Amino acid sequence: MCGIVGYAGNQDAVPILIAGLARLEYRGYDSAGVAVLTRGGLKVHKAAGKIRQLESSLPKRLRGNLAIGHTRWATHGEPNDRNAHPHTDCSGRIALVHNGIIENAAELRAQLEAAGHVLRSDTDTEVLAHLIEAAGEEELDQAVRRALAAVQGTYGIAVVDERHPGRLIAARNGSPIVIGVGEREMFVASDVAALVRHTQQVVYLDDGEIASIDAGGFRVTTLDDRPAAKSTATVTWGQDAYERGTHAHFMLKEIMEQDEACERALRGRLDAQFGTAHLGGLNLTARDLLEIRRVKILGCGSAYYAGIAGAHMIEGLTRLPADAEPASEFRYRNPVIEKDTLYVAVSQSGETADTLAAVREVQRKGGRVLGVINVVGSTIARECGGGIYIHAGPEVSVASTKAFTSTLVAFALLALHLGRVRDLSPAQGKRLVDALQKLPVQIREVLHTAEQIRVVAKRIARFTNAFFIGRAACYPVALEGAQKLKEISYIHAEAYPASELKHGPLALISPETPTVIVLPHDELYEKSLSSLEEIRARRGPIIAVTHPGDERIPTRADAILQVPQSEPALDPILLTVPLQLLAYYSALELGRDIDQPRNLAKSVTVE
Ligand code: F6R
């Protein structure tokens with residue numbers, strides 16, 4: 001949420017910043033700005049709208065070797081030029097960009113105004129620029145340190161001051177900051193996506209750290225001015241992984257990559273001989289696993305839905321009670337933490353504020369949390385200290401797709417591993433290993449049906465409301481299908497367990513409201529068919545997402561999306577893929593801004 005880029009070196013910083021901001025646009029896209037230290041002093045340019053609006057409004061001769069930039073997702077103050085970052089102090093010599101929320105901004109603003117500061121925006125961020133000015137310190141890092149001591153909330157910041165040409169200060173508390181190490185040039189960003197075209201060598205700041213950076217290097221200290229030892233990491237993914245390539249949208253690219261993502265999630269983890277999975281990162285012995293009495297999965301949005309599907313897999317295969325809960329609710333309800341419960345935090349970004357807070361709540365009370373995470377080295381991954389990386393690769397589209405299915409694959413591995421320590425037989429384990437090995441090819445088969453799905457999507461796009469229904473482990477598939485459709489096409493979509501339809505929502509079924517029914521050939525199949533009949537009796541259009549082979553379906557459904565059959569525990573993975581494509585093509589038909597849907601942004605690092 002929001003993107004930060006900074007540069008200190010010998011090249012012209014402006015094109016580097018614009019390219020970096022374009023890479024981070026998925027993190028926020030309502031306004032953007034840059035502050036460049038030019039020969040004539042600090043120059044700030046901002047524009048409401050996307051990066052291209054900013055770029056086209058920049059003066060041709062804007063040049064400098066030190067600069068910071070920002071792309072915004074509004075929290076305080078509407079998205080306009082005035083509220084866009086960077087923000088400056090009264091004198092206009094200090095400029096600052098910020099991700100996160102300053103919680104005591106109102107109080108600080110009142111104090112600053114009483115002391116004569118004139119604040120020009122409605123943002124919480126601007127107070128920080130004025131606090132740095134008010135600190136009256138000679139050295140910029142000391143001034144920033146003093147300002148931050150007065151602040152409550154979360155931040156990732158980058159600061160420049162025209163009295164310190166060549167110096168850039170960055171600090172972090174709860175919002176990521178990464179330093180990119182180049183040859184006689186240094187970069188700062190909130191996300192490695194902005195850096196990979198320049199360097200693969202990065203240093204992640206931890207909470208409570210400040211970095212003082214110039215073209216020649218960096219020095220990291222803590223907020224209370226003690227030196228912090230930092231090591232350099234190499235970024236796993238190259239520049240290509242962050243490119244859209246020949247696909248029209250990142251979302252389509254990421255949907256189409258799911259076969260490879262699944263292969264990566266499985267690589268080196270299956271053991272056909274013993275019918276189990278090896279998960280080196282769990283940091284739990286077989287004895288630890290035997291002591292587990294319950295599994296509780298925490299995540300937000302699609303990560304939470306993946307957690308519900310994961311809980312079904314775990315409970316089904318291990319016979320341990322398992323459930324999922326939105327991390328955003330869990331963190332505030334003073335949850336009881338049990339020592340024999342295994343908590344699992346799910347997050348693509350590894351930075352979601354609510355999920356991170358839930359992890360800390362569990363750990364503070366002595367509980368044990370594993371992470372199921374995509375971004376290597378992210379905050380949640382580091383704080384969990386153990387878990388499963390899903391290795392889906394960079395996910396740029398705001399709507400999560402490959403991270404969802406790869407998370408389900410990770411849960412299948414966890415369920416298999418846990419199950420085999422408990423009661424799952426070697427034969428059952430081997431069947432699952434076999435089915436997992438086939439998954440990438442089966443996903444590819446579904447991806448090859450994209451054109452058929454596109455035809456169905458054209459019909460869906462004509463409606464303003466839709467239902468998604470499924471039972472048991474396919475209820476989270478329905479939830480995810482509805483989530484995808486609403487977030488990128490803006491068609492109102494609701495998901496229900498198929499069994500719940502008759503308890504209320506059936507009242508809304510009509511020829512104007514299509515229902516997408518997730519219909520695997522499992523033990524509830526005939527029961528789900530009864531739900532289908534109830535909808536048909538009310539002339540509701542039906543799209544069945546199902547396996548081939550039942551001749552009754554073509555006469556009962558208006559459209560059929562087919563996926564190959566797998567082991568029942570794995571069916572939700574394959575059944576999700578057509579729903580992603582259905583949402584994508586519906587949004588395409590409606591001309592929506594698919595990769596950057598309105599009001600949303602990738603990685604929700606605020607509450
Ligand atoms: C939906 C979507 C969101 C995220 C949620 C959690 O397509 O992307 O619902 O799933 O914000 O994000 P992570 O997984 O990064 O914690």
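These figures come from a predicted structure and were not determined experimentally.

**Some thoughts on the overall build of the chain**
Item 1. A tally of regular secondary structure across the chain gives 19 helices and 26 strands.
Item 2. For the chain, the C-alpha radius of gyration of 25 Å lies close to 25 Å, the compact-globule estimate for 607 residues.
Item 3. Per-residue burial for the chain yields a buried fraction of 61% across its 607 residues.
Item 4. Put simply, 71% of the contacts in the chain that link residues at least 6 apart link residues at least 24 apart.

**Points about the sheet that holds strand 7 (residues 155-161)**
Item 1. Taken in spatial order, the six strands line up as 5-6-7-8-12-13 in an open sheet, and their pairing is antiparallel. Two strands in the sheet have a free side with no partner beyond their single neighbour: strand 5 (87-88) and strand 13 (217-222).
Item 2. As judged from the five bridges shared by strand 7 and strand 8 (residues 168-173), these two strands associate in the antiparallel manner. Bridge pairing links glycine 156 to arginine 172 in strand 8.

**Focus: the pattern of salt bridges**
Item 1. In this structure the tally under the stated criterion is 39 salt bridges.
Item 2. Taking the shortest distance from any N to any O, the salt bridge between arginine 360 and glutamate 383 comes out at 2.7 Å. Of this pair, arginine 360 sits in helix 11 (residues 353-364) while glutamate 383 sits in helix 12 (residues 379-384), and the two are 23 residues apart along the sequence.
Item 3. The class for arginine 360 is partly exposed, based on a relative accessible area of 33%.
Item 4. Glutamate 451 is paired through a salt bridge with arginine 454; the nearest N and O atoms lie 3.8 Å apart. Highlighted residues: glutamate 451 and arginine 454, both in helix 15 (residues 450-460), separated by three residues, approximately one helical turn.

**Let's talk about the side chain of threonine 276**
Item 1. Turning to its location among the elements, threonine 276 is positioned in strand 16 (residues 276-277).
Item 2. Residue class for threonine 276 comes out buried when judged on its relative accessible area of 11%.
Item 3. Contact partners of threonine 276, with chain neighbours within four places excluded, come to Arg269, Leu270, Asp271, Leu416, His417, Arg420 and Val433.

**Concerning the packing of helix 14 (residues 426-447) against helix 19 (residues 571-589)**
Item 1. One can describe the packing of helix 14 onto helix 19 by two numbers: an axis separation of 10 Å at closest approach and a directional angle of 25°. When the axes of helix 14 and helix 19 are compared, the pair comes out roughly parallel. For helix 14 against helix 19, the interelement crossing comes out right-handed. Facing Leu439, Gln442, Ile443, Val446 and Leu447 of helix 14, the residues of helix 19 in contact are Ile573, Leu574, Val577, Pro578 and Leu581.
Item 2. For the contact of helix 14 with helix 19, a count of residues per class yields nine nonpolar, one polar and no charged.

**Regarding the site of the ligand**
Item 1. The full set close to the ligand counts 14 residues, and Ser347, Gln348, Ser349, Thr352 and Glu487 are the nearest of them.
Item 2. Taking glutamate 487, its side chain carries an N or O atom lying 2.5 Å from an oxygen atom of the ligand.
Item 3. In isolation the ligand offers 400 Å² of accessible surface; the protein chains occlude 88% of this area.
Item 4. If you list the elements that add at least two residues to the shell around the ligand, you get helix 9 (302-318) and helix 16 (475-489).
Item 5. Tallied by class, residues from the shell around the ligand come to four nonpolar, eight polar and two charged.

**Quick notes on the environment of cysteine 262**
Item 1. Structurally, the position occupied by cysteine 262 is in helix 7 (residues 258-266).
Item 2. Those residues in contact with cysteine 262 that lie beyond four places of it in its chain are Ser406, Val409, Leu439, Pro440 and Ile443.

**As for the nonpolar core**
Item 1. In terms of nonpolar packing, the biggest core is built from 95 residues, with Val295, Ile297, Ile314, Phe411, Leu414, Phe468 and Leu581 touching the most fellow members.
Item 2. Looking at this core, the element that brings in the most residues is helix 13 (residues 402-421), giving twelve residues.
Item 3. Discounting chain neighbours no more than four positions away, the residues touching isoleucine 314 are Val295, Ile297, Arg319, Leu320, Ala322, Phe411, Leu414, Ala415 and Leu418.
Item 4. Core analysis: the next-biggest nonpolar cluster, separate from the first, contains 33 residues, Ala13, Leu58, Ala241 and Tyr242 among them.

**Here we look at the packing of aromatic side chains**
For any two aromatic rings, the description comes down to two numbers: the centre-to-centre distance and the angle of the planes.
Item 1. The tally for this structure, following the rule as stated, stands at five aromatic pairs.
Item 2. Each ring, one from phenylalanine 330 and one from tyrosine 343, has its centre 6.3 Å from the other, and the planes form 50°; the classification is tilted. Remark: tyrosine 343 occurs in strand 19 (residues 341-347) and phenylalanine 330 occurs in helix 10 (residues 327-330); sequence separation between them is 13 residues. Of the two residues, phenylalanine 330 and tyrosine 343, neither departs from the other in class, the shared state being buried.
Item 3. The residue whose ring lies beneath lysine 50 is tyrosine 29, and the NZ or CZ to ring-centre distance is 5.3 Å.
Item 4. The ring of tyrosine 490 has arginine 598 lying over it, and the distance from NZ or CZ to the ring centre is 3.8 Å.

**Section: the packing of helix 4 (residues 126-134) against helix 5 (residues 140-149)**
Item 1. The N-to-C vectors of helix 4 and helix 5 enclose an angle of 125°; their axes lie 8 Å apart at closest approach. Relative to helix 5, helix 4 is oriented oblique. Seen from above, helix 4 lies across helix 5 with right-handed handedness. Contacts from Leu128, Leu131 and Ile132 of helix 4 reach helix 5 at Leu140, Ala143, Val144, Ala147 and Leu148.
Item 2. For the contact of helix 4 with helix 5, the residue count by class is eight nonpolar, no polar and no charged.

**Regarding the state of the cysteines**
Should the sulfur atoms of two cysteines be covalently bonded, the bond is a disulfide.
Item 1. Throughout the structure, instances matching the rule amount to zero disulfides.
Item 2. Sulfur of cysteine 384: no disulfide; nearest cysteine sulfur belongs to cysteine 300 and is 13 Å away.
Item 3. With no disulfide partner, cysteine 474 has as its closest neighbouring cysteine sulfur the one in cysteine 262, 17 Å distant.

**With respect to the sheet that holds strand 11 (residues 201-204)**
Item 1. As summarised here, the arrangement of the eight strands in space is 3-2-4-1-10-9-11-14, forming an open sheet in which the pairing is antiparallel. Of all strands in the sheet, those bounded by a partner on one side alone are strand 3 (41-48) and strand 14 (233-234).
Item 2. Sheet analysis places strand 11 next to strand 14, joined by two bridges and oriented antiparallel. Paired with glutamine 201 across the strands is threonine 234, a residue of strand 14.

Quick notes on the rules
- Residues numbered from 1 in each chain as written.
- Predicted model: local features only at pLDDT ≥ 70, side-chain atom pairs only at ≥ 80, totals over all residues.
- Heavy atoms only, no water.
- Helix = DSSP H or I, 4+ residues; strand = E, 2+ residues; numbered from the N terminus.
- Rg over C-alpha atoms; globule rule 2.2 N^0.38 Å.
- Buried < 20%, exposed > 50% of the residue type's maximum accessible area, 1.4 Å probe, protein only.
- Contact = heavy atoms within 4.5 Å.
- Pairing = 2+ DSSP bridges.
- Salt bridge = Lys/Arg side-chain N within 4 Å of Asp/Glu carboxyl O.
- Axes fitted to C-alpha atoms, helices over the stretch in contact; angles between N-to-C directions.
- Parallel < 35°, antiparallel > 145°, perpendicular 65-115°, else oblique.
- Left-handed = near helix turned anticlockwise from the far one by under 90°.
- Nonpolar A, V, L, I, M, F, W, Y, C, P; charged D, E, K, R; others polar.
- Near = heavy atom within 4 Å.
- Polar contact = N/O pair within 3.5 Å; in protein donor to acceptor, adjacent residues only side chain to side chain.
- Areas by Shrake-Rupley, 256 points an atom, 1.4 Å probe, with all protein chains shown as cover.
- Core = buried A, V, L, I, M, F, W, Y, C linked by side-chain atoms within 4.5 Å.
- Phe/Tyr/Trp six-rings, centres within 6.5 Å; stacked < 30°, edge-to-face > 60°.
- Lys NZ or Arg CZ within 6 Å of the ring centre and 35° of its normal.
- Disulfide = S-S within 2.5 Å.

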